[in-house]
Amino acid sequence: HPGEPDHPDTAKPAAKKPAGRGRRLGGATGEGVLFSIDTRLRPDGEKGAFAPRLDRLTDYYREEAWLWEKLALSKARVVTPASALAGKVTAMVTELLASPVAADNMAKALHDMRQRMRANYGDAPDWQLRKQPGGIGEIDLLLRGLRLVHADLFDSGNDRTGELLKQLEAAGHLTPDHAARLGEADKLFNDLHHALRLVMGSSALRPETLAPAARQFVLDACDSPDTAHLDRRLTGARADVEAIFDG
């Protein structure tokens, strides 16, 4: 608190406050994890405030933030929409996302980020689509990049995949065929991802490890008669995403 003297008995606990708050928000509990957070990613790193002032956060995104941070900002959601601060935060995000990013800069950044993502995929199971070329992470990266390049089409950061595709197609920035293929891929990927989470709690599993009933639940959720059919659809959808990403 301003005006209060520094005291050796209070200095150490104060320094630990961000870490403690981070554990309460993002630590594992008997009920699971509340939010997945990384306090190292705040504007001034480990030396900064746990929750920066809104004006400091705005200045950071305007003047200092990397392009990938602005991509992440385009997915920001206010978790307490009824709070007094929510309107100010929403207005800040909307303003920050209103200025288009140069297409050449974005194209280079997207390919660099995809390369970094792929370096961490490892030997992931075929159905773990967040760690597959052309999978969930890469289609999301592509659409968020297009959203920032064509920021003038959107009036907020709260744009779902379907809305992004609709707006980009209507403005001529995606062909109808590309928009349809990306929409189909996104639906298939998310159907599989959520089905696996429901039956097993994770998508990081190999298909052959699923019990017959669990496997059938997944196949029904993805509207596929058997595993081979689903695998062919996934392969084709991932190839579509990669082709459009590189096109």
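Everything discussed here concerns the structure shown above.
Each chain carries its own residue numbering, running from 1 in the written order of its sequence. Confidence filtering applies because this is a predicted model: local features only for residues at pLDDT of at least 70, side-chain atom pairs given and counted only at 80 or more, and all residues used for totals across whole chains, interfaces and linings. Excluded from the side-chain calculations are hydrogens and water; all other atoms, namely the structure's heavy atoms, are used.

Caption draft 1: Here's a closer look at the packing of helix α8 (residues 176-200) against helix α9 (residues 212-221). Inter-axis angles, ranging from 0 to 180 degrees, are taken between N-to-C directions of lines fitted to C-alpha atoms, where helices are fitted over the stretch in contact. Going along the chain from the N terminus, every DSSP run of H or I of four or more residues is numbered as a helix, and every run of E of two or more is numbered as a strand. At a minimum axis distance of 9 Å, the contact between α8 and α9 shows a crossing angle of 150°. With respect to α9, the axis of α8 lies roughly antiparallel. Relative to α9, α8 is oriented so that their crossing is right-handed. On α9, the residues touching Asp191, Leu192, Ala195, Leu196, Leu198 and Val199 of α8 are Ala214, Phe217, Val218 and Ala221. Geometric relationships in this document are graded by angle, where less than 35 degrees denotes roughly parallel, more than 145 denotes roughly antiparallel, 65 to 115 denotes roughly perpendicular, and other angles denote oblique. Left-handed describes a crossing in which the near helix is turned anticlockwise from the far one by less than a right angle; the clockwise case is right-handed. We call two residues in contact when some of their heavy atoms are within 4.5 Å.

Caption draft 2: Quick peek at α8. To estimate how far a helix should extend, the number of its residues minus one is multiplied by 1.5 Å. Taking 1.5 Å as the rise per residue, α8 with 25 residues should run 36 Å; its terminal C-alpha atoms sit 36 Å apart, in good agreement. When accessible area is computed with a 1.4 Å probe and restricted to protein chains, residues below 20% of their type maximum are described as buried, those above 50% as exposed, and intermediate ones as partly exposed. For α8, the set of buried residues is Ala179, Leu182, Ala185, Asp186, Leu188, Phe189, Leu192, His193, Ala195 and Leu196. Gly201 lies just past α8 and shows a positive phi near 80°.

Caption draft 3: Examining the nonpolar core more closely. Definition used in this section: a nonpolar core is a set of buried Ala, Val, Leu, Ile, Met, Phe, Trp, Tyr and Cys residues joined via side-chain atoms within 4.5 Å. Ranked by size, the top nonpolar core spans 48 residues in total, and within it Trp127, Leu182, Phe189, Leu192, Val218, Leu230 and Leu234 carry the most contacts. Leave out the neighbours within four places in its chain, and Leu192 touches Trp127, Leu129, Val218, Cys222, Leu230 and Leu234.

The values are spatial; any link to function lies outside them.
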